[in-house]
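# Notes for the structure review
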Amino acid sequence: MAYCQDYYWYKGNKLSLKRGNQEYILYQEEGVKSLSHQITELEETLYSQNKTLKAGIITQLADIDETSILYRIPSYLTQDSTKNLYITHRFYVKLKSNNDFALLQDFVRQYDVEIEQEGDFPLWYIVRCGLNSQHNALELANIFYESNLFAVCEPEFIGAVNYNCVNDSKFCDQWNLKNTGLEYPGESG
């Protein structure tokens, strides 16, 4: 029986996801050159076992040589169902205490995933799915969280950023919120 993957946990709440019409993939570039017109490349390049890997989005479901794809997951829709958003091959795990690192290592071995790096905050880790992973990052974030052994487990979302999230009419006048370092207000270049 397939593990239900159309939800994720955020701050203890189970949030539903609705599938979109695209796919996020991690692939070897040389294997999909003939389909490059169907792939929108993302600004992510990884290096693994002497291979350059690219992340991309397939806008039309197409026949792709499966041996070139290392990871794939369908897109999901934003709450207003107008834009696709994507879950990468990574998810974030926060331990309940420093003593729980061994639990994380056990889960990583059990599900054939890797700890990519320690997070920027204490007790946080970034976990990466790969070729041998038994599930995708969304499913694994749910599995890890539902074990009740970890404080937080969330997938890494990209795309569909809402830039109109501020209702402050003076937002654009606040130069420090978009400081490019070139000049200060009132100074001329």
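Residues numbered from 1 in each chain as written. Predicted model: local features only at pLDDT ≥ 70, side-chain atom pairs only at ≥ 80, totals over all residues. Heavy atoms only, no water.

### Looking at the overall build of the chain
Note the threshold: Helix and strand assignments come from DSSP, with helices taken as H or I runs of at least 4 residues and strands as E runs of at least 2, each series counted from the N terminus. Residue burial is assigned from relative accessible area. The probe radius is 1.4 Å, only protein chains are included, and a residue is buried under 20% of its type maximum, exposed over 50%, and partly exposed in between. Throughout, a contact is declared for two residues whenever any of their heavy atoms are within 4.5 Å. Here the Shrake-Rupley method, with its probe set to 1.4 Å, supplies the accessible areas, and only the displayed protein chains count as covering residues.
In terms of regular secondary structure, the chain is built from 2 helices and 10 strands. Walking the chain from its N terminus toward its C terminus, one meets helices and strands in the order β-β-β-β-β-β-β-α-β-β-α-β. Relative to its 189 residues, the chain shows a buried fraction of 39%. Of the contacts formed within the chain by residues at least 6 apart in sequence, a portion of 64% connects residues at least 24 apart. In the form shown here, the chain has an accessible surface area of approximately 12,200 Å², with 47% of it arising from carbon and sulfur atoms.

### Looking at the layout of surface pockets
Test applied: The method works on a 1 Å grid over the protein atoms by themselves. A cavity is a set of points holding a 1.4 Å probe that cannot get out, a pocket is an open set with protein on both sides within 12 Å along at least five of seven lines, and residues with an atom within 4 Å of a point line them. Grid points are joined across faces, edges and corners, and a volume is the space filled by probe spheres set on the points. We call Asp, Glu, Lys and Arg charged. Ala, Val, Leu, Ile, Met, Phe, Trp, Tyr, Cys and Pro are nonpolar, and the rest, Gly among them, are polar.
Of the voids in this model, the second largest pocket is the one considered here, and its volume is about 350 Å³. Tyr-8, Leu-17, Leu-77, Gln-79 and Leu-85 are the residues nearest the centre of the second largest pocket, which is lined by 13 residues in total. At the level of secondary structure, the elements contributing two or more residues to the lining of the second largest pocket comprise strand E1 (7–10) and strand E2 (13–16). Grouping the constituent residues of the lining of the second largest pocket by class yields 8 nonpolar, 4 polar and 1 charged.

### Here's the deal with the environment of Leu-15
In this structure, Leu-15 sits in strand E2. Setting aside its immediate chain neighbours within four residues, Leu-15 contacts Asp-6, Tyr-7, Tyr-8 and Tyr-10.

### Regarding the side chain of Asn-136
Using the following cut-off: Two N or O atoms count as a polar contact when they lie within 3.5 Å, although within protein this holds only if one can serve as hydrogen donor and the other as acceptor, and sequence-adjacent residues are included solely when both atoms are side-chain atoms.
By secondary structure assignment, the location of Asn-136 is in the loop between strand E9 (124–128) and helix H2 (137–146). In this structure the side chain of Asn-136 is engaged in a polar contact, spanning 3.0 Å, whose partner is the backbone nitrogen of Leu-138.

### Side note on helix H1 (residues 101–110)
Heads up, the condition is: The directions from the helix axis to the C-beta atoms are what the arc is built from.
The complete set of buried residues in H1 reads Leu-104, Phe-107 and Val-108. Each buried residue of H1 lies within a common arc of 100° when the element is viewed along its axis, so the set occupies one face. Of the residues flanking the end of H1, it is Asp-112, one or two places downstream, whose phi is positive at about 50°.

### So, the pairing of E9
The test is simple: When DSSP locates at least two bridges between a pair of strands, those strands are taken to pair.
When strand E7 (residues 84–95) meets E9, the two strands line up antiparallel, connected through 5 bridges. Its bridge partner lying in E9, Phe-91 is registered against Val-127. Where strand E8 (residues 114–118) and E9 come together, 4 bridges link them in antiparallel fashion. Bridging across to E9, Glu-114 finds its partner in Arg-128. Counting the residues that bridge the hairpin from E8 to E9 gives 5 residues, and of these Leu-123 lies at a positive phi of roughly 75°.

By themselves, these figures tell us nothing about what the structure is for.
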